[in-house]
Amino acid sequence: MHSTAKHVSENLNSFPSTYSEIIKLKGVGPYTAAAIASICFDEPRPVVDGNVYRFASRYFGIEEDISKSGTRKIFEKKLETEILEKDPGSFNQAMMEFGATVCAPKPKCDDCLFQVDCLAKTKGIEKSLPIKTGKTKVRDRFFNYLVFKFGENYMLKERIEKDVWSGLFDFYLIEGALNEEEVLEQARQKLQLSDFVLNEISEPMIHVLSHQKITAHFYEIKVDNIETISQKGNLKSYSVEEILNLPKPKLIVNYLQRVGI
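All values derive from a computational prediction rather than experimental measurement.

Asks: Just checking my understanding: could you explain the pattern of salt bridges for this structure?
Replies: If charged atoms from side chains of opposite charge come close, those side chains can pair. Under the counting rule described, the total for this entry stands at twelve salt bridges. Notably, a salt bridge pairs Glu21 with Lys24, separated by 3.2 Å at the nearest N-O pair. When its relative accessible area of 37% is taken as the criterion, Glu21 is described as partly exposed. Judged by its relative accessible area of 61%, Lys24 is exposed. Arg159 is paired through a salt bridge with Asp170; the nearest N and O atoms lie 2.9 Å apart. In this pair, Arg159 sits in the loop between strand 2 (153-158) and strand 3 (169-170) while Asp170 sits in strand 3, placing the two residues eleven residues apart along the sequence. On the basis of relative accessibility, which here comes to 2%, the residue Arg159 falls in the buried class. A single network of salt bridges, built from pairs that share partners, joins Arg141, Lys157, Arg159, Asp163, Asp170 and Glu175.

Asks: What exactly am I supposed to notice about the pairing of strand 6 (residues 205-208) here?
Replies: Residues in a regular strand point their side chains to alternate faces of the sheet. In strand 6, alternate side chains face the same way, and those of Met205 and His207 are buried while those of Ile206 and Val208 on the opposite face are not. As judged from the four bridges shared by strand 6 and strand 7 (residues 212-222), these two strands associate in the antiparallel manner. Across the sheet, the residue bridging to Ile206 is Thr215, located in strand 7. What sits between strand 6 and strand 7 in their antiparallel hairpin is a turn of three residues.

Asks: How should the nonpolar core be read in this particular structure?
Replies: Ile22, Ala56, Phe75, Leu79, Met95 and Phe98 are the most contacted members of the largest nonpolar core, which has 29 residues in total. Counting residues per element, the ones that place at least two in this core are helix 2 (19-22), helix 3 (30-41), helix 4 (50-60), helix 5 (71-80) and helix 6 (88-101). In contact with Met95, other than residues within four places in its own chain, are Val52, Phe55, Ala56 and Leu79. Val164, Phe171, Ile243 and Leu256 belong to the second-largest nonpolar core, a separate cluster that totals 22 residues.

What counts, and at which threshold
- Residues numbered from 1 in each chain as written.
- Predicted model: local features only at pLDDT ≥ 70, side-chain atom pairs only at ≥ 80, totals over all residues.
- Heavy atoms only, no water.
- Salt bridge = Lys/Arg side-chain N within 4 Å of Asp/Glu carboxyl O.
- Buried < 20%, exposed > 50% of the residue type's maximum accessible area, 1.4 Å probe, protein only.
- Helix = DSSP H or I, 4+ residues; strand = E, 2+ residues; numbered from the N terminus.
- Pairing = 2+ DSSP bridges.
- Core = buried A, V, L, I, M, F, W, Y, C linked by side-chain atoms within 4.5 Å.
- Contact = heavy atoms within 4.5 Å.

Written out as structure tokens, the structure reads:
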């Protein structure tokens, strides 16, 4: 989002005002694009989140599996016929709020204004909707970060891989369930690391994403020469002040706070 904010500020005359343009922004998905387009620019574009899935599936009796990627289109098309043309933002906010408070996972049908017209209530299947058969598989990942310290500066790089946190900055990463000796041996080989001092290894830090559980260790390493590791590891030297202004994953922010930066 930080990268997108810079792009809008530096390259665009103004913030995009249509769904089709907003969704082109880096880090912006269908939910966010629809929310901005409808609430800020009055575009009748329905927002679909978990609360909307729940309310809409029950009210309209939609029995499609919401864990399947194509189901969103079904809900969007249905809601496009219902959304208010003059005040789409209020419509979307009301749908999300109602799904969160009344048409909750345990539906409060006695308090519902729509129970007479609700197809799920009529059929007695309100507690079985929405249908979600797929289960999110959480992948375990093990990150070993080499925190190279050169004087008062630290070495970081921008993540350019098609992976989590693309466009954000972190330390040199060696991934895998490795012990200390294995991590340092890979560092020696990949970065031609020879003269260094291992200051400390952090306690494991756990960071959970929607589909991934990351266990991270941080190896603070003091180096006197950064030319080789800069080239081999695509790293650059940053002062503490510069680091604080770089876009970083929450995991890196948490580590920096832990060490007092």
